[in-house]
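# Observations on chain architecture
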Amino acid sequence: MQLRLFYLFILSSLFACNLIDGDGGGVKSSKKMTYSYTCLDSAIGGSRINKTLGKAGNIVRDLAVSEGSITDELQSEWGAAFHKDAIESKTFNLMNDAAVQTQLEEAMKELLAAREEPSNIKYAIYALEDTSVNAFTFGGRIYVTRAMLQKTANNKDLLYAIVGHEIGHSEKGHIKKTIQDMQLSTKIFGEDGGTTFFQIKKLLTGSFNQKNELEADYYGTDLTYNLNQNVCAAVAFWKEMASKENSYNKVEDFFRSHPFSSLRAECLQTHIKTNFGKECGSIIKEETTLPQLKK
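Counting starts from 1 at the beginning of each chain's written sequence and moves along it residue by residue. For a predicted model such as this one, the threshold for reporting local features is a pLDDT of at least 70, and the threshold for listing and counting side-chain atom pairs is 80 or more; totals across whole chains, interfaces and linings nevertheless cover every residue. To obtain the side-chain values, all non-hydrogen atoms of the structure were included, while hydrogens and water were left out.

### Considering the side chain of threonine 224
Mapped onto the elements of the fold, threonine 224 is located in helix α9 (residues 209–226). Should any heavy atoms of two residues lie within 4.5 Å, those residues are counted as being in contact. Filtering out sequence-adjacent residues up to four positions away, threonine 224 remains in contact with Leu111, Asp157, Tyr160, Ala161, Gln229, Asn230 and Val231. A helix here means a DSSP run of H or I that spans at least four residues, while a strand means a run of E at least two residues long, and both kinds are numbered starting from the N terminus.

Here you go:
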């Protein structure tokens, strides 16, 4: 029941690939790359109240459910159970394309091998029949929609950045805190009350999640760079997505779980210039061996 409530929550959020708030600023990767969040010019993103509420939430969460109890093995178990339930309930419809599946698995394998301090989470990746341009993850299970795959069909660099982003959510502990929240919701509301907790949390701390999304962007970009892929591909993608969004608005930004695409592109450009000394100008898509998707 708890897992079913969880994936229903994911669907209601349009497959939002991250659900919880994170630690925030100034951390560095194992290669001493700078992770900056000052570019998230949101209504509450860098404010004192944001940081205070975030710390309070972490204290309450850790008192109720120890972070140490959420092991890599437990995350993998939850991911496997989530996937099994989603398939059996026909919530997810997997693409039947062996070539695409092979390409995804090869990309994931290369990205996982590029990690510097790898977890013991067991990963798997799937292509979904879905018309939304999206990807998301839970418990080491990564899902990429047909519409997203069509965006990356002639752009291997972008595919690696997208899959690397989802790996980042697990490797940076974001999913661990999601599971903590799920266990906490059960303690407070019982088995059937978890959705209420998530709805309240999404309303009050939605824009906190933007830091997690940006951290996963940075992590995916770093893995992509380690594999000698074009790190500017993700910048071009978010610029394209920005052209389809409303103009930046601080009031709307307060309630967003993901940064505006224009801010995402800006933050990534700064990260790439700072850490790799590379300017992201116009992007020329390179032809790849990615298979043509079946209609």
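### Let's talk about the sheet that holds strand β2 (residues 135–138)
Working definition: the strands of a sheet are paired by backbone hydrogen bonds and lie parallel or antiparallel to each other. An order of β1-β3-β2 is seen for the 3 strands of this open sheet, with the pairing classed as mixed. Each having just a single partner strand, β1 (124–128) and β2 make up the two edges of the open sheet. Taken pair by pair, the neighbouring strands of this sheet meet at an average axis angle of 20 degrees, ignoring direction. Sheet topology note: the β2/strand β3 (residues 141–145) ladder contains 4 bridges and is antiparallel. Following the sheet pairing, alanine 135 is matched in β3 by valine 144. In the packing of helix α3 (residues 72–88) onto the sheet, the strands contacted are β1, β2 and β3, and the crossing angle to β3 comes to about 40 degrees. Pairing between two strands is assigned when DSSP locates at least 2 bridges connecting them. To obtain each axis, a line is fitted to C-alpha atoms, and for helices this fit is confined to the stretch in contact; angles are then taken between N-to-C directions over 0 to 180 degrees.

### A word on the state of the cysteines
The criterion for a disulfide is a pair of cysteine sulfur atoms lying within 2.5 Å. Summed over all chains, the structure comprises 2 disulfides. Cysteine 39 shares a disulfide with cysteine 267; S-S distance 1.9 Å. Because the sign of the S-S torsion sets the handedness, a value of about 120 degrees for the bond joining cysteine 39 and cysteine 267 places this disulfide among the right-handed ones. On the criterion of sequence distance, the pair formed by cysteine 39 in the loop between α1 (2–12) and α2 (48–64) and cysteine 267 in helix α12 (residues 261–276) is long-range, its members being 228 residues apart. Just as cysteine 39 is buried, cysteine 267 falls in that class too. Here cysteine 232 is linked by a disulfide to cysteine 280, with a sulfur-sulfur distance of 2.0 Å. Residue burial is assigned from relative accessible area. The probe radius is 1.4 Å, only protein chains are included, and a residue is buried under 20% of its type maximum, exposed over 50%, and partly exposed in between.

### Overview of the pattern of salt bridges
Basic side-chain nitrogens of Lys or Arg form a salt bridge, by our definition, when they fall within 4 Å of a carboxyl oxygen of Asp or Glu. Applying the stated criterion across every chain, the model contains 8 salt bridges. A salt bridge links arginine 115 to glutamate 171, with the shortest nitrogen-to-oxygen separation between them at 3.0 Å. Residue arginine 115 is located in the loop between α4 (98–113) and β1, and its partner glutamate 171 is located in helix α6 (residues 156–171); the two are separated by 56 residues in the primary sequence. Across the salt bridge formed by arginine 146 and glutamate 129, the nearest N and O atoms sit 2.8 Å from each other. Here glutamate 129 lies in the loop between β1 and β2 and arginine 146 lies in helix α5 (residues 146–152), a separation of 17 residues in the sequence.

### Some words on the pairing of β2
Along β2, one buried face is formed by Ala135 and Thr137 and the opposite face, lined by Phe136 and Phe138, is buried too. Once β2 ends, the chain turns through 2 residues before running back antiparallel as β3, passing glycine 139 with a positive phi of about 60 degrees.

### What to know about the side chain of arginine 264
By secondary structure assignment, the location of arginine 264 is in helix α12. Excluding residues that lie within four positions of it along the chain, arginine 264 makes contacts with His165, Glu213, Asp217, Trp238, His258 and Pro259.

### A few points about the confidence of the model for the chain
For the chain, per-residue confidence averages 76 on the pLDDT scale, and 63% of positions sit at 70 or higher. On a range of 0 to 100, pLDDT expresses the predictor's confidence in each residue. When the criterion is pLDDT under 50, residues 5–16 qualifies, and its contacts beyond four places in sequence or with other chains add up to 35 contacts.

### Regarding the environment of glycine 220
Here glycine 220 is to be found in helix α9. Residue class for glycine 220 comes out buried when judged on its relative accessible area of 0%. The sequence separation of glycine 220 and glycine 168 amounts to 52 residues, and the corresponding C-alpha distance is 6.2 Å. For glycine 220, the residues in contact, after removing those within four places along its chain, are Ala161, Gly164 and His165.

### Description of α9
Expected helix span is given by 1.5 Å per residue-to-residue step, counting one fewer step than there are residues. Taking 1.5 Å as the rise per residue, α9 with 18 residues should run 26 Å; its terminal C-alpha atoms sit 26 Å apart, in good agreement. Immediately beyond the C-terminal end of α9, within one or two residues, lies asparagine 228, with a positive phi of roughly 65 degrees.

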